[in-house]
Protein chains: 2
Amino acid sequence: MAKAALAAKAPEERRERILRATIAVVRERGFAGARVTDIAVEAGTSQGLVLYHFGSLAGAFAASLTLLEDEFYEELERNLSEVVGPVPRLRHIAELGAGHGPAVGDWRLWLELWVRAIRDDDARAARESLDTRWRGALRQVVDEGLAAGVFAASDPKASVLRLAALMDGLAIQLALADPGMTTGKFTELWWKSAVLELGISPVNATPGSQGGPKKN
Amino acid sequence: MAKAALAAKAPEERRERILRATIAVVRERGFAGARVTDIAVEAGTSQGLVLYHFGSLAGAFAASLTLLEDEFYEELERNLSEVVGPVPRLRHIAELGAGHGPAVGDWRLWLELWVRAIRDDDARAARESLDTRWRGALRQVVDEGLAAGVFAASDPKASVLRLAALMDGLAIQLALADPGMTTGKFTELWWKSAVLELGISPVNATPGSQGGPKKN
DNA sequence: GCCTAACCTGAATGACCGTTCAAGAACCTC
DNA sequence: GAGGTTCTTGAACGGTCATTCAGGTTAGGC
């Protein structure tokens, strides 16, 4: 019985292991450089199995995207639930981009996804969904702050769009290790914009005011 | 004599034609999908010649990047010189991203370059140089406005960084045809940020105040 | 008008890599 | 525990390129 249960799970576990391997390889080599063999080796199985489960390399890519989506969402939720109150949450978001959390902070993977989304429908859908969720989370924090009276925004939707886009733009420079861009700068540049955009008062805007002691 | 001059130029012209073809093909199919044959066909020559001039496909990519750089810079200069005064110039920049000018507005090509820059040194250098120039141009406009007293910025460098990054971030959505993102929205979202970031007074901030009649 | 060097071509080469396949292992059902 | 289904493997296949090459063409120097 125990053996049976274990066995029943094994194929499913293997499948997932392959999906994770796919993501890892894409992260490492990009979509363009990811080979079936790389994935098989990374997952500790054979090429054959990768194709057995997903039909083709493209199939493996597509399937790995939905895993990515799920994990991104889950991690985002977990991350934001750690912190309470609109200002600290927003600050937390500012710091999220700087590399907290493997899925969220993985900007190079994001770049890969964007480019793939130009020509691949699965990637396009995944990226769109990911982005929508991400903006939704940001929007939620903004609404909280608005309701609490600590944020002010005449057009919250536009503000969210801008803040999300700014983060992507800064992320490019972080991902490409632009000289002069660091995680610290990333956080502060974005935070300053958020303060400006949402009319956060200087009293609340100090990073140290609600978080632990921090030196940026 | 005339014949000689023409002949002397022919190989060089062909070379350049190949470089332009390379850019065109990358734009169309991406770096990952660009084949030597595609380039040869696009340029109206043979595969052999592409390799003869550039040694390898990667060589053709690299060489085409420097052409891209030059043309980008040239076009940027030309574009900005068309308009006089800091506010109209900044407004012009806001509209630049929305597709004016083939090199500047070509956001998909930009995405391709970013991803290639993750792993290719030539692309990395090209992208960095391109970005530096771009930020420099923006910085120049900002400084003009500061000197004229129509802009206010406590940290111009940071403002430029943010405005440049915001444009990249918005560009991603434009490039990927995100539902709800249009060239008009792109321009207005960026412009609003610029107004906020640079403390442009509402009197100056109205798009129509210095340009032709416009409805956004 | 030859000679040499630069240009140019497209067919041949060979490596790489996705996919197929034949065979076997594992395991569930009855 | 026999039969059948699901999983798993790795070798073999075949197609797709980048690159090489052998052989032209062109043109400028002499």
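Each value, and the rule that gives it
Residues numbered from 1 in each chain as written. Chains lettered and ligands numbered in written order. Predicted model: local features only at pLDDT ≥ 70, side-chain atom pairs only at ≥ 80, totals over all residues. Heavy atoms only, no water. Near = heavy atom within 4 Å. Polar contact = N/O pair within 3.5 Å; in protein donor to acceptor, adjacent residues only side chain to side chain. Helix = DSSP H or I, 4+ residues; strand = E, 2+ residues; numbered from the N terminus. Nonpolar A, V, L, I, M, F, W, Y, C, P; charged D, E, K, R; others polar. Contact = heavy atoms within 4.5 Å. Buried area = accessible area lost by both parts, 1.4 Å probe. Salt bridge = Lys/Arg side-chain N within 4 Å of Asp/Glu carboxyl O. Core = buried A, V, L, I, M, F, W, Y, C linked by side-chain atoms within 4.5 Å. Buried < 20%, exposed > 50% of the residue type's maximum accessible area, 1.4 Å probe, protein only. Least-squares fit on C-alpha atoms with pLDDT ≥ 70 in both. Axes fitted to C-alpha atoms, helices over the stretch in contact; angles between N-to-C directions. Parallel < 35°, antiparallel > 145°, perpendicular 65-115°, else oblique. Left-handed = near helix turned anticlockwise from the far one by under 90°.

J.: Please set out the protein's contact with DNA strand D residue by residue, giving values where relevant.
T.: Not every one of the 17 residues close to DNA strand D is listed here, only the nearest: Ser46(A), Tyr52(A), Arg35(B), Val36(B) and Leu57(B). Here DNA strand D approaches the protein such that, of its atoms within 4 Å, sugar and phosphate make up 76%. A distance of 3.0 Å is found between a phosphate oxygen of DNA strand D and a side-chain nitrogen or oxygen belonging to Tyr52(A). Between Gln47(B) and DNA strand D, the recorded distance is 3.4 Å, taken from a side-chain N or O atom to a base oxygen. Elements that contribute at least two residues to the surface near DNA strand D include exactly helix 1 (2-33) and helix 3 (47-54) of chain A together with helix 1 (2-33) and helix 3 (47-54) of chain B. The dominant element in the surface near DNA strand D, judged by the number of residues it contributes, is helix 3 of chain A, at 4 residues. Across the surface near DNA strand D, the residue classes break down as 9 nonpolar, 6 polar and 2 charged.

J.: I'd like to hear about the interface of chain B and chain A, residue by residue, with values.
T.: Across the contact, 40 residues belong to chain B and 40 residues belong to chain A. Summing both partners gives a buried area of about 3500 Å² for chain B against chain A, and 58% of it is carried by carbon and sulfur. Broken down residue by residue, the surface that chain B buries against chain A is led by Arg119(B), Arg162(B) and Leu176(B), which jointly contribute 18%. Viewed at the interface, chain A and chain B are joined by 6 salt bridges.

J.: Describe the nonpolar core, with residues and values.
T.: By size, the foremost hydrophobic cluster in this structure holds 140 residues, and its most contacted members are Leu90(A), Trp190(A), Leu90(B) and Trp190(B). Not counting residues within four places of it along the chain, the set of residues in contact with Trp190(A) comprises Leu90(A), Ile93(A), Ala94(A), Leu138(A), Leu163(A), Leu166(A), Met167(A) and Leu170(A).

J.: Break down the relation of the copies chain B and chain A for me, citing the residues and quoting the values.
T.: Least-squares fitting of chain B to chain A yields an RMSD of 0.0 Å, with the transformation described by 0.0 Å of translation along the axis and a rotation of 180°. What we have between these two chains is a two-fold relation.

J.: Help me get a handle on the packing of helix 8 (residues 156-175) of chain B against helix 9 (residues 183-197) of chain B, residues and values and all.
T.: All names here are of chain B. Relative orientation of the contacting elements helix 8 and helix 9 amounts to 165°, with a least axis distance of 10 Å. By the angle class used here, helix 8 and helix 9 are roughly antiparallel. Regarding helix 8 and helix 9, the two cross each other, and that crossing is right-handed. Counted together, Ser159, Arg162, Leu163, Leu166, Met167, Leu170, Ala171 and Leu174 of helix 8 and Thr183, Phe186, Leu189, Trp190, Ser193, Ala194 and Glu197 of helix 9 form the full contact between these two elements.

J.: Report on unusual backbone geometry, specifying residues and quantitative values.
T.: Peptide bonds are mostly trans, and most non-glycine residues show a negative phi. Not every positive phi belongs to a glycine, and Ala177(A) is a case in point at roughly 55°. As for its position among the elements, Ala177(A) is in the loop between helix 8 (156-175) and helix 9 (183-197).

J.: Could you give an account of the pattern of salt bridges, with specific residues and numbers?
T.: All names here are of chain B. Throughout the structure, instances matching the rule amount to 32 salt bridges over all chains. In this structure, Arg20 and Glu16 form a salt bridge, with 2.4 Å as the shortest nitrogen-oxygen distance. With a gap of 4 residues between them, Arg20 and Glu16 both fall in helix 1, about one helical turn apart. Take Glu16: its relative accessible area is 32%, and that puts it in the partly exposed class. With its nearest N and O atoms 3.1 Å apart, the salt bridge here joins Arg127 to Asp131. A residue pair is termed a helical-turn pair when its members lie 3 or 4 positions apart in one helix, as Arg127 and Asp131 do in helix 7 (residues 121-148) at 4 residues. On the basis of relative accessible area, Arg127 is assigned to the buried category, the value being 4%.

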